[in-house]
Amino acid sequence: MTGRIIRIAGPVVEADRMRGALMYEVVHVGGGALIGEVIGLSEDVATIQVYEDTTGLAPGEPVERTGAPLSVELGPGLLGMVYDGIQRPLQVIREEMGVFIVRGASFPALDRKRTYIFTPEAAPGAAATPGTVIGTVQEGRFTHSVLIPHGMEGTIASVAGAGEYTVTEEIATILSTDGKELPVTMLRRWPVRVTRPVAEKLKPGAPLITGQRVIDSFFPIVKGGTAAVPGPFGAGKTVVQHQLAKWSDADIIVYVGCGERGNELADVLRQFPALTDPKSGEPLMERTVLIGNTSNMPVAAREASVYTGITIAEYYRDMGYDVALMADSTSRWAEAMREISGRLEEMPGEHGYPAYLASRLACFYERAGHVRVLGPSGKAGSVSVIGAVSPPGGDFSEPVTQNTLRVVRVFWALDADLAHERHFPAVNWLTSYSLYPDAVERWWNEHVGDQWGEMRRSMMAILQKESELEEIVQLVGPDVLPEDDKLSLHIAEYIRESFLVQYAFDPVDTFCAPDKQYMMMQLITDYACYGKAAVAGGMQVSVIAALSVAKRLLRLGAIPDADFREYFEETERRMKDAFQNPGGEST
Amino acid sequence: MTSPAREYTSVVRVAGPLMAVSGVGDATYGEVVEIRLPDGEKRMGEVLESRSDLAIVQVFGGTQALDTEITSVRFTGYPMRMVVSPDIIGRVFDGSGAPTDGGGPVIPGTVMDIAGSAVNPTARAYPEDCIETGISAIDGMNTLVRGQKLPIFSGAGLPHSMLAAQIARQARVLRDHEEFAIVFGAMGITNEDAQFFLDEFGDTGALEHAVLFINRADDPAIERIITPRLALTTAEYLAFDRGMHVLVILQDITSYCEALREVSAARDEVPARRGYPGYMYTDLASIFERAGRIYGRDGSITQLPIISMPDDDITHPVPDLTGYITEGQIVLSRDLHRRGIYPPIDVLPSLSRLMAGGIGENKTRKDHGAVSDQLYAAYAKGRRLESLVTVIGDEGLSESDRRYLTFATRFEREYIGQGRAGGRTITESLDAAWDLLSLFPEEELNRIPTDLIETYRGGESE
């Protein structure tokens, strides 16, 4: 089981005497036992991508096989952790080895000493199928179901009594169909590149409420949906991802910082423990798993990080939770693939990316979904995936953006010009799209109000109209437009400035609840309606714009949720008065 | 890594900046080699690829005058290292770390690996101490904080050197008088530029706090691959071992990337965009990510890299990849420069990602963020109207539109174009902003909360 290094070139190492090694098997490379993965085989030579810096390796050093593919540890204790791309616990590494990352660090992902209070649920003698709940432990505020692992089938022979157990202690034994006694622990491993199975994929369900108006009301995503956020640098991809990680109403968040900045991760670590989940009131960190493989960390581990993240997401989904995964940025992942591919001297496809780029992206996004989980519980769970894309030069025609758009169903196009004006979130309302509004409209009708779809369409139509009128204005100037077109421009400005602009750093505006979003839409569409009637009756747009009630539609985002209904009703009343009696408006 | 030094004379191939040495079975990846040329000259190199029978070495001094017969290569068994000590401050070196100030070698102190190690992201302290540079376009709208990496995107003929030197001269942290140092790493800059910095640092007394590594335009191009790493290793030593606040100026990253491309091309690697290697993002990150602060250590590293954009093209791979790694960018504009505005900072594409954490109540002033947003919104609108006016004339404009035009003009001339002399405090920058914003009626200041308008409008400070 030992090979020998014959070539080292950056993160790629070749070793001979490796006959019998498996594709994607994990190996330990060199005297320092650096972690690597077999990515090519030819006769007895294996090509290995190494997840750590290879400086100092020499030909002739040993390569030890492990016989297992790259896997992650799954079990209670994942929440609140910060891992690198191959699930090494960064906080533990810092405590044990200091502030700089040292090569060859090897610590278990899950704490072996910590105990959890186990409550048995299954009885001996019961049928054991994958997904059956053996018992539960409490992980923070979450009930963590301990399920029968995939691949085990038979009857439950014994279940441990209620009590405290570590993740490696036996909590049940299964008598398999071929008569073997199989021990079960809370800890299990799963190969990251393999999709965890489900009973069936379901239709998209409820919206993933994010508290971001341009997303929830204009380009919604559902629980189990997929979205891409492409944008040039500085357009706010990371802020959008952070906002979703903070405020979206998923149960559990897996945040993958893939080849991004170290300070961004430091920012998350600074903010999340202090922020509370709007759904539960508990610290956000308790529902979050962070995977951080920053840009200066080894490139091969960056390639693995998105798989590590999605496997953890699937694990919690299998208990029936709604999980949302943010990957920032998938372009760095694709570039890591390109870098490794280049070192393998593979024939490049477009822009030097390997020819399998499209299929890898598709396979990754297909791991999202709203599903019925395995096992007798028949629960539904979901994994939503939101991937940031960093197109070179902000050019969306490049391969990563284009191949991503072929598989995702929501597209939030970030726009450099909007960012320059500090219109944030800089989601371009003309080029972005969502394929979920029909599914989502039912939810709004049932839970918030039945005008949502109509108001959304009319607001988007006004913005569309604005862009057409802008072209005319560019040619002939604004003063020749008829009054009703001027009104469209005026309303469009309110939609943009009052509704679409949302301040991520404002403590109130950072999260906008659905009913507040709905009332804001109603104020603006009602204003547009009154305005239209008034213009038809001969009123000038400049007169409408000067009404004092118009000013009440500014800065809506900053009004606290608790006061908003009152503000809304008062504004509606004044709007009615003002338009019925324009001369006698009271302020 | 413990293999002792070994010497070979088996150079079998020399091509571009690379040479291949055969019969070396145990060269370690990244190992430093010393090359002795037929005429006795010594050069340094680094192992880029190691095989059972062959090592491929990049030669930092260039490969001219190497041969395949007499040239001998000594494998040292160590990765590239440098010696640092407190005495390094005030010294001037060439691009490969040899002293050029006649002061002899650095007195032995600590030996450090120049590649550095990645900081564990959980050990990073989030940068939130605002640095006052005295430049309104930066302080008011793109605030620099300690531990940030904020590049200057410039072009040929623009005054980026002057701006960088001015920042180095004026930068100070509010309410703080801690030890600071400047590390200057120059890659492929002209003699004149180098002289400018030497004079500038000499005249202002900054040289006493500075360490300079200068690779000039006529020095070997491959040496540029190590220059920034020498500079940053020095900075890390000063910051994290000696507790100093270090400002690192790196000029010019584009020359560095060209050296990287040269090596990549010599190795027949598959190129990504414009011939630059596919790993350039990772490589640049290994430089830029060496900025920051660390929990439990007093010092910090703030980076101010200068990138000259070929043809002023911000989508060129070098500025593009840089922008994805750094925490914002300051973009210089040829148009403003032509109109005599100094510093010619185009604020619209400029950005400081760490601004929000460094400003506001108890740090700078409560209205800082909102004022900045409002300046951006108003200036963007003014610029849009300017381009409209060039097509249709200004007859059709409303009174409100005219205010935006006036604002944009005055903003460029008074706020951005503050001139070369001296700086403004942050309070002065904010007051100057309110001066301009008072052109607008209150309801058009829709990015500023009403209470802040009441407090600050009219230019009075706290």
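No experiment lies behind these values; they were computed from the predicted model shown.

A.B. asks: Which residues make up helix 3 (residues 237–247) of chain A, and what values do they have?
C.D. replies: With 10 of its 11 residues buried, helix 3 of chain A lies for the most part within the structure. Buried within helix 3 of chain A we find A:Lys237, A:Thr238, A:Val240, A:Gln241, A:His242, A:Gln243, A:Leu244, A:Ala245, A:Lys246 and A:Trp247.

A.B. asks: Go over the pairing of strand 4 (residues 34–42) of chain A, please, and point to the residues and values.
C.D. replies: Residue and element names in this part refer to chain A. In terms of burial, strand 4 is a largely internal element, seven of the nine residues being buried. Where strand 3 (residues 25–29) meets strand 4, four bridges bridge the pair, whose relative direction is antiparallel. Bridge assignment links Val29 to a residue of strand 4, and that residue is Leu34. Taking the residues between adjacent antiparallel strands as the criterion, strand 3 and strand 4 are bridged by four residues, where Gly30 takes a positive phi near 75 degrees. With six bridges joining them, strand 4 and strand 5 (residues 45–50) adopt antiparallel strand pairing. From the neighbouring strand, Ser42 faces strand 5, where its bridge partner is Val45. Here strand 4 hands over to strand 5 after two residues, with Glu43 in that stretch at a positive phi of 55 degrees.

A.B. asks: If you had to explain the nonpolar core to someone new, which residues and values would you point to?
C.D. replies: Residues and elements named next belong to chain A. Formed by 81 residues in total, the largest nonpolar core has its most connected members in Phe218, Ile221, Ile386, Trp412, Ile495, Tyr527 and Ile544. With 10 residues, the top contributor of residues to this core is helix 13 (residues 514–536). For Tyr527, the residues in contact, after removing those within four places along its chain, are His490, Ile491, Tyr494, Ile544, Ala545, Ala550, Leu553, Met575 and Phe579. Residues Ile35, Leu74, Ile310 and Tyr315 belong to the second largest nonpolar core, which totals 80 residues.

A.B. asks: Can you explain the interface of chain B and chain A? Please cite residues and give values.
C.D. replies: The accessible area lost on association of the parts is a frequent measure of interface size. The interface of chain B with chain A comprises 83 residues on the first partner and 75 residues on the second. Contact with chain A buries surface across chain B, with B:Tyr29, B:Tyr324 and B:Arg447 losing the most and accounting together for 13% of the total. Between the two partners, chain B and chain A, sit four salt bridges. Note that A:Arg7 and B:Glu49 form a salt bridge whose closest N and O atoms lie 2.5 Å from each other. One can count 33 residue pairs in polar contact (both at pLDDT 80 or more) joining chain B with chain A. Sorting the residues of the side of chain B that touches chain A by element identifies strand 5 (42–51), strand 11 (124–125), helix 6 (280–288), helix 7 (317–325), strand 22 (345–352), helix 10 (368–392) and helix 13 (450–456) of chain B as the ones contributing at least two each. Of the residues belonging to the side of chain B that touches chain A, the class tally is 42 nonpolar, 21 polar and 20 charged. Both strand 1 (residues 2–9) of chain A and strand 5 of chain B contribute to a ladder of two bridges, which runs antiparallel. Within strand 5 of chain B, the residue paired with A:Arg7 across the bridge is B:Arg51.

A.B. asks: Report on the sheet that holds strand 14 (residues 163–166) of chain A, specifying residues and quantitative values.
C.D. replies: Residues and elements named next belong to chain A. In spatial order, the strands read 12-11-9-14; together these four strands make up an open sheet with antiparallel pairing. A single partner strand is all that each edge strand has here, and the edge strands are strand 12 (142–147) and strand 14. When the angles between neighbouring strand axes are averaged without regard to direction, this sheet yields 40 degrees. Sheet topology places strand 9 (residues 115–120) next to strand 11 (residues 133–139); three bridges connect them, and they run antiparallel. From the neighbouring strand, Phe118 faces strand 11, where its bridge partner is Val137.

A.B. asks: Would you mind going over the sheet that holds strand 15 (residues 172–173) of chain B in detail, with residue names and values included?
C.D. replies: All names here are of chain B. In spatial order, the strands read 13-12-15; together these three strands make up an open sheet with antiparallel pairing. A strand with exactly one partner marks an edge of an open sheet, and here the two such strands are strand 13 (144–145) and strand 15. Examined bridge by bridge, strand 12 (residues 130–132) and strand 13 share two bridges and lie antiparallel to one another. Note that in strand 13 the partner of Cys130 across the bridge is Val145.

A.B. asks: Go over empty space enclosed by the protein with me, naming the residues and quoting the values.
C.D. replies: Summed over the entire model, instances satisfying the criterion amount to four cavities of 30 Å³ or more. Estimated volume of the largest cavity: approximately 140 Å³. Surrounding the largest cavity, 15 residues form its lining, A:Arg338, A:Pro392, B:Ala272, B:Arg273 and B:Leu321 being those nearest its centre. Put simply, the parts of the chain that give the lining of the largest cavity at least two residues each are helix 6 (330–343) of chain A together with helix 6 and helix 7 of chain B. Sorting elements by how many residues they give to the lining of the largest cavity places helix 7 of chain B first, with three residues. The residue inventory of the lining of the largest cavity, partitioned by class, reads nine nonpolar, two polar and four charged. In this structure, the second largest cavity spans a volume of roughly 80 Å³. A:Gly257, A:Glu260, A:Arg261, A:Glu264 and A:Leu265 are the residues nearest the centre of the second largest cavity, which is lined by 13 residues in total. Where the lining of the second largest cavity is concerned, the elements lending two or more residues are helix 3, strand 20 (252–258), helix 4 (262–271) and strand 21 (288–293) of chain A.

A.B. asks: Requested: an account of the environment of A:Thr2, with residues and values cited.
C.D. replies: Residue and element names in this part refer to chain A. Checked against the element boundaries, Thr2 lands in strand 1. For Thr2, a relative accessible area of 40% gives the class partly exposed. Once the C-alpha coordinates of Thr2 and Asp415 are considered, the two residues, 413 residues apart in sequence, prove to be 52 Å apart. Setting aside residues up to four positions removed in sequence, Thr2 forms contacts with Arg17, Pro62, Val63 and Glu64. There is a polar contact of 3.2 Å between the side chain of Thr2 and the side chain of Glu64.

A.B. asks: How would you summarise the packing of helix 5 (residues 299–317) of chain A against helix 6 of chain A if you had to cite specific residues and measurements?
C.D. replies: Residue and element names in this part refer to chain A. Close contact between helix 5 and helix 6 brings their axes to 8 Å; oriented N to C, the two are set at 135 degrees. The angle between helix 5 and helix 6 falls in the class oblique. As for how helix 5 packs across helix 6, the hand of that crossing is left-handed. Residues Val299, Ala300, Arg302, Glu303, Val306 and Tyr307 of helix 5 touch helix 6, and the partners they reach there are Arg332, Trp333, Ala336, Met337, Glu339 and Ile340. Looking at the contact of helix 5 with helix 6 residue by residue, the class counts come to eight nonpolar, no polar and four charged.

A.B. asks: So what's going on with the packing of aromatic side chains? Which residues, and what values?
C.D. replies: Overall, the coordinates contain 30 aromatic pairs over all chains when judged by the stated rule. Ring centres of A:Phe233 and B:Phe153 lie 6.2 Å apart, and the angle between their planes is 85 degrees; this geometry places the pair in the edge-to-face category. Here A:Phe233, found in the loop between strand 19 (226–230) and helix 3, pairs with B:Phe153, found in strand 14 (residues 152–154), and the two come from separate chains. By relative accessible area, which is 12% here, A:Phe233 ends up buried. Using a relative accessible area of 0% as the deciding quantity, one classes B:Phe153 as buried.

A.B. asks: Explain unusual backbone geometry residue by residue, including any values.
C.D. replies: A cis amide bond links A:Phe424 to the next residue, A:Pro425, at an omega of -10 degrees. Take A:Pro425: it is sitting in the loop between helix 9 (416–420) and strand 26 (433–434). Looking along the chain, the bond that leaves B:Gln251 and enters B:Asp252 is cis, with omega of 10 degrees. The residue B:Asp252 is located in the loop between strand 18 (245–251) and helix 5 (253–266) in this model. You will see that B:Asp311, though not glycine, has its phi angle at about 60 degrees, which is positive.

A.B. asks: Give me helix 12 (residues 483–500) of chain A: which residues, what numbers.
C.D. replies: With 18 residues, helix 12 of chain A ought to run about 26 Å at 1.5 Å a step, and its terminal C-alpha atoms sit 24 Å apart, in line with that. Most of helix 12 of chain A sits inside the fold, with 14 of its 18 residues counted as buried.

A.B. asks: Tell me about the side chain of B:Ser333, and please be specific about residues and values.
C.D. replies: Residues and elements named next belong to chain B. Turning to its location among the elements, Ser333 is positioned in the loop between strand 21 (328–332) and helix 8 (334–338). Assessed through its relative accessible area of 11%, Ser333 is described here as buried. A polar side-chain atom of Ser333 sits 3.2 Å from the main-chain amide nitrogen of Asp335. From its side chain, Ser333 meets the backbone nitrogen of Leu336 in a polar contact 3.0 Å long. Those residues within four positions of Ser333 in sequence are excluded, and the remaining contacts are Leu158, Pro344 and Asp346.

A.B. asks: Could you give an account of a nonpolar patch on the surface, with specific residues and numbers?
C.D. replies: Residues and elements named next belong to chain A. Nonpolar side chains collect at one region of the surface, where Ile472, Leu475, Val476 and Val480 lie side by side and expose about 370 Å² of accessible area between them. Within the element layout of this structure, Val480 appears in the loop between helix 11 (452–476) and helix 12. Residue class for Val480 comes out exposed when judged on its relative accessible area of 52%.

A.B. asks: So what's going on with the side chain of B:Ser72? Which residues, and what values?
C.D. replies: Along the chain, B:Ser72 turns up in strand 7 (residues 72–79). Each residue touching B:Ser72, except ones within four places of it in the same chain, is listed here: B:Glu7, B:Tyr8, B:Thr9, B:Glu34, B:Ile35 and B:Arg36.

Conventions used here
Residues numbered from 1 in each chain as written. Chains lettered and ligands numbered in written order. Predicted model: local features only at pLDDT ≥ 70, side-chain atom pairs only at ≥ 80, totals over all residues. Heavy atoms only, no water. Buried < 20%, exposed > 50% of the residue type's maximum accessible area, 1.4 Å probe, protein only. Helix = DSSP H or I, 4+ residues; strand = E, 2+ residues; numbered from the N terminus. Pairing = 2+ DSSP bridges. Core = buried A, V, L, I, M, F, W, Y, C linked by side-chain atoms within 4.5 Å. Contact = heavy atoms within 4.5 Å. Buried area = accessible area lost by both parts, 1.4 Å probe. Salt bridge = Lys/Arg side-chain N within 4 Å of Asp/Glu carboxyl O. Polar contact = N/O pair within 3.5 Å; in protein donor to acceptor, adjacent residues only side chain to side chain. Nonpolar A, V, L, I, M, F, W, Y, C, P; charged D, E, K, R; others polar. Axes fitted to C-alpha atoms, helices over the stretch in contact; angles between N-to-C directions. 1 Å grid on protein atoms, 1.4 Å probe; cavity = no way out; pocket = protein on both sides within 12 Å on 5 of 7 lines; lining within 4 Å. Points joined across faces, edges and corners; volume = space filled by probe spheres on them. Parallel < 35°, antiparallel > 145°, perpendicular 65-115°, else oblique. Left-handed = near helix turned anticlockwise from the far one by under 90°. Phe/Tyr/Trp six-rings, centres within 6.5 Å; stacked < 30°, edge-to-face > 60°. Expected span 1.5 Å × (residues − 1). Patch = residues over 30% accessible without salt bridge, like charges linked within 9 Å, V, L, I, M, F, W, Y side chains within 5 Å. Areas by Shrake-Rupley, 256 points an atom, 1.4 Å probe, with all protein chains shown as cover.

By themselves, these are just geometric observations and shouldn't be taken as functional.
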